[in-house]
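Structure at a glance
Letter by letter, the chains look like this.
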Amino acid sequence: MQVNQPKNISNFHIVGINYKKTDAAIRSSFAINQAQYTAILDEGKQTQLDDLFILSTCNRTEVYGFADTPGQFIELIDKHTCGNIELFQQLAYVKSGEEAVRHLYHVGTGLDSQILGDYEIVGQIKNAAKFAKSQGCVGTFTERLVNSVLQVSKLIKNETALSAGTVSVAFAAVRLLQSKVCDIANKKIVLLGVGKIGRNTCKNMMQYLGTKNITLINRTISVAEEFANCNGLQCAPIENLGQTLHDADIVLVATNAPHPTITRSMLEHAGPKLIVDLSIPFNVATDVKELSHIEVVNVDELSKVQDETLQMRQHEVPKALEIIGEHMDEFLYWNKMRKHAVVLKAVKDKLTEIHTREILQQKNGAEYKLEDMEAVSSRIIQKMINLMAGTVRKETEKSDLYISMINDIFDTGVNQE
């Protein structure tokens, strides 16, 4: 009797790059959009890669899943992104088994974020795994792991000060404006892109800088109009981008266009201005920096904006690690017992098979109530299973040995390698 066995955790890998060794330009060349994500998942299914999901944000691109070797994930990145794969291999990190599991906990709780305690990553992990599951690429292991990571992230947010205070890329942009711009209430500000980061940046400017002299531009004008009406701001159509930029003192760019939205030609004859590019890939052309009257700041430079909140957050790291350790141990124990559960089910099936065969052999015209015999036999089988399971749970240090012995005794066909 052959039984499906949970996958070996040592074959669970993560391959990725992040802000620690790469700048935004390199990361953008390995960024994975929705169409690329779909193509990678489709190919993964064809090549028997299991529990595959991808986390691609402005600060990282990571591929998680089960494979014979992590190199299979690197091949997918090579095939489906436009970056230089030799460069990727030089800068990438590879983690396997428990180390890969621990990495996802650290990412999901903000310990591995460019700004310590950044909580936005949680939603990105949830959405990435949800999409992979909708494509049939997430199994029991990864679904349980992601749910555990989300739970731990919530616990750390509620029980520690790791995410306390206001520190994010959107807030860092506001702190930058505070330090660089005098009399900001009288400056004309343009925000290009009214997505999540754009809206958060805009709200922070209104709250902390006390200004509503902000003009919104978005490719879908109705989105800009709705946000502008709710917050007492102005908006302009994308067709007026050139003139609106020309009149602005400060420009914030928070779009997700694949190519630069703001080019040198738009600004060559404009007045002095500060441009803050919050986009990945960069949406301000690199040669704009060559204009002496234009100052451009991108997300990598924003990450250097420090806040006293970060020092306070650093003191919370040991508490966060303790919570992660506790719940990661629970997850690993669940995964270990999951292997045992497969063996125990196989044993139960084996006993049921014996029970059925014996009743059929003994029937031969004998007078007895078949229902009574079946009920008694079923209770005996379940009691035996409960006894074995209870012993395995109690003797955790010997559990692998016990399960191996039971597996051998009943010849279940389960491979425990």
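Cut-offs used in this document
Residues numbered from 1 in each chain as written. Predicted model: local features only at pLDDT ≥ 70, side-chain atom pairs only at ≥ 80, totals over all residues. Heavy atoms only, no water. Helix = DSSP H or I, 4+ residues; strand = E, 2+ residues; numbered from the N terminus. Rg over C-alpha atoms; globule rule 2.2 N^0.38 Å. Buried < 20%, exposed > 50% of the residue type's maximum accessible area, 1.4 Å probe, protein only. Contact = heavy atoms within 4.5 Å. Pairing = 2+ DSSP bridges. Axes fitted to C-alpha atoms, helices over the stretch in contact; angles between N-to-C directions. Expected span 1.5 Å × (residues − 1). Phe/Tyr/Trp six-rings, centres within 6.5 Å; stacked < 30°, edge-to-face > 60°.

Considering the overall build of the chain
Of the regular secondary structure elements, the chain holds 17 helices and 10 strands. Here the C-alpha radius of gyration of the chain, 28 Å, is well above what a compact globule of 417 residues would show, namely 22 Å. Taken along the three principal axes of its C-alpha coordinates, the chain extends 105 × 40 × 40 Å. Expressed as a percentage of the 417 residues in the chain, the buried residues total 48%. For the chain, long-range pairs separated by at least 24 residues make up 71% of all intrachain contacts whose partners lie at least 6 apart in sequence.

Some points on the sheet that holds strand β7 (residues 234–236)
Judged by pairing direction, the sheet is parallel, and its six strands sit side by side in the order β7-β6-β5-β8-β9-β10 without closing on themselves. Strands with a single pairing partner mark the edges of an open sheet, and in this sheet they are β7 and β10 (294–298). Put simply, the sheet's adjacent strands are angled 20° from each other on average, direction ignored. Pairing of strand β9 (residues 273–277) with β10, which is carried by five bridges, proceeds in the parallel orientation. Residue Leu-274 lies in a different strand from β10, and its bridge partner there is Glu-295. Helix-sheet contacts for helix α9 (residues 196–209) involve β5 (189–192), β6 (214–217) and β8 (250–253), and the interaxial angle to β6 is about 175°. Its contacts with the sheet place helix α10 (residues 221–231) against β6 and β7, and it is angled at close to 170° to β7.

Observations regarding helix α7 (residues 140–159)
Helix length check: α7 (20 residues) gives 28 Å between terminal C-alpha atoms against 28 Å at 1.5 Å per residue, within 8%. All of the buried residues along α7 are Phe-141, Thr-142, Leu-145, Val-146, Ser-148, Val-149, Leu-150, Val-152, Ser-153 and Ile-156.

Regarding the packing of aromatic side chains
For the structure shown, the criterion picks out eight aromatic pairs. Ring centres of Phe-53 and Tyr-64 lie 4.9 Å apart, and the angle between their planes is 5°; this geometry places the pair in the stacked category. With Phe-53 in strand β2 (residues 50–56) and Tyr-64 in strand β3 (residues 60–66), this pair connects stretches of sequence that are 11 residues apart. Grouped by ring-pair contacts, the aromatic residues Phe-12, Phe-66, Phe-141, Phe-331 and Trp-334 constitute a single cluster.

Observations concerning the sheet that holds strand β4 (residues 93–96)
Taken in spatial order, the four strands of this open sheet run β2-β3-β1-β4, and their pairing is antiparallel. Every other strand in the sheet has two partners, leaving β2 and β4 as the edge strands with one partner each. Averaged over neighbouring strand pairs, the angle between their axes works out to 10° when direction is ignored. Along the sheet face, α7 touches β1 (12–18), β2 and β3 and points at about 40° away from the line of β2.

Thoughts on the side chain of Thr-201
Examined against the element boundaries, Thr-201 turns out to sit in helix α9. Residue class for Thr-201 comes out buried when judged on its relative accessible area of 0%. Setting aside residues no more than four positions away along its own chain, Thr-201 makes contact with Ala-170, Ala-173, Val-174, Leu-252 and Leu-278.

Coordinates in, geometry out; function isn't part of it.
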